[in-house]
Amino acid sequence: MSARPLTVEGAYAFAPTVYPDYRGVFLSPYLDSLFRDTVGYPLFPVRQTSYSVSRRGTLRGLHFTRTPPGTAKFVSCPHGRVLDLVLDVRVGSPTFGKWDSVVLDSEEFQAVYLPVGVAHMFVALADDTVMSYVLSQEYVFENELALDALDPELGLPIPEDVEPILSERDRTAITFDQALARGLLPDYRTCLEIESGFRD
């Protein structure tokens, strides 16, 4: 298994070793020792796990959690294929406003760690795509905020051969600049303080 940092400070992509044979494949998308060595602390206490199943073109995001409480995530794609993206919306972060993307699929089985306070989205590139989420907090509707993923100011790499399918919430989400002006974006230092609670 290997790991690499993403452009967004504190976010990482993990690539497991995949063992195929005539029966199928076996892999471990998470290894505690590598995660600790890479991130500097153990995976957060797990408060919720979730799956989503999406048709090709589905765009979920950009979503982030009001901070506090903030939510860290470990996401993977056990079936199908997505373009997964993280955007740094933490005011004061050294990578504030920057984004990075990773293709997650059921061939390489990469996973992404998203630290507290960043925004997350993905675009499903195949029908019946399954995303797995491991979360540091339980989902609370009132704490979940959305940004316009199609905001031209962000210039996110939505594939040109995909017609985005969005929920009503995502279709009417405010822009990054509007969220900043309204004081809705997380504070970087507060995010780090929350993450410090993940340490042994």
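Scope of this entry: the structure provided in the associated data block.

Conventions used here
- Residues numbered from 1 in each chain as written.
- Predicted model: local features only at pLDDT ≥ 70, side-chain atom pairs only at ≥ 80, totals over all residues.
- Heavy atoms only, no water.
- Helix = DSSP H or I, 4+ residues; strand = E, 2+ residues; numbered from the N terminus.
- Buried < 20%, exposed > 50% of the residue type's maximum accessible area, 1.4 Å probe, protein only.
- 1 Å grid on protein atoms, 1.4 Å probe; cavity = no way out; pocket = protein on both sides within 12 Å on 5 of 7 lines; lining within 4 Å.
- Points joined across faces, edges and corners; volume = space filled by probe spheres on them.
- Nonpolar A, V, L, I, M, F, W, Y, C, P; charged D, E, K, R; others polar.
- Pairing = 2+ DSSP bridges.
- Axes fitted to C-alpha atoms, helices over the stretch in contact; angles between N-to-C directions.
- Contact = heavy atoms within 4.5 Å.

Quick word on unusual backbone geometry
Residue Leu-62 is reached from Gly-61 by a cis peptide bond, and omega for that bond is 0 degrees. Relative to the helices and strands, Leu-62 is located in strand β6 (residues 59-65). Cis geometry is adopted by the peptide bond preceding Pro-69, which originates at Pro-68 and carries an omega value of 10 degrees. Mapped onto the secondary structure, Pro-69 falls in the loop between β6 and β7 (73-79). Backbone geometry places Phe-109, a non-glycine residue, at a positive phi of 60 degrees. Positionally, Phe-109 belongs in the loop between β9 (99-105) and β10 (111-114). Residue Phe-109 is classed as buried on the basis of its relative accessible area, which comes to 12%.

Notes on empty space enclosed by the protein
Following the criterion strictly, the structure yields one cavity of 30 Å³ or more and no others. Approximately 80 Å³ is the volume attributed to the largest cavity. Listed by contribution, the elements that provide at least two residues to the lining of the largest cavity are β6 and β11 (119-124). Per element, the largest residue contribution to the lining of the largest cavity is three residues, and it comes from β6. Looking at the lining of the largest cavity residue by residue, the classes come out as five nonpolar, seven polar and one charged.

Quick word on the layout of surface pockets
The computed volume of the largest pocket comes to approximately 530 Å³. Surrounding the largest pocket, 24 residues form its lining, Arg-60, His-63, Tyr-133, Tyr-139 and Arg-169 being those nearest its centre. Secondary-structure elements contributing two or more residues to the lining of the largest pocket are β5 (48-54), β6, β11, β12 (129-135) and α2 (168-171). Class assignment of the residues belonging to the lining of the largest pocket gives a composition of eight nonpolar, ten polar and six charged.

Considerations on the sheet that holds β6
Pairing is antiparallel in the open sheet, where five strands are placed in the order β9-β8-β11-β6-β13. The strands lining the two open edges of the sheet, one partner per strand, are β9 and β13 (144-146). The average undirected angle you get between the axes of adjacent strands in this sheet is 25 degrees. Two strands pair when backbone bridges link them, and β6 and β11 are joined in this way by three bridges, in the antiparallel orientation. What sits directly across from His-63, in β11, is His-120.

Regarding the sheet that holds β10
Strands sit in the order β1-β2-β10-β7-β12-β5 across an open sheet of six strands; the sheet is antiparallel. Of all strands in the sheet, those bounded by a partner on one side alone are β1 (2-5) and β5. The mean inter-strand angle of the sheet, taken between neighbouring strand axes irrespective of direction, is 20 degrees. Sitting on the sheet, helix α1 (residues 32-39) is in contact with β1, β2 (12-15), β7 and β10, with an inclination near 150 degrees to β2.

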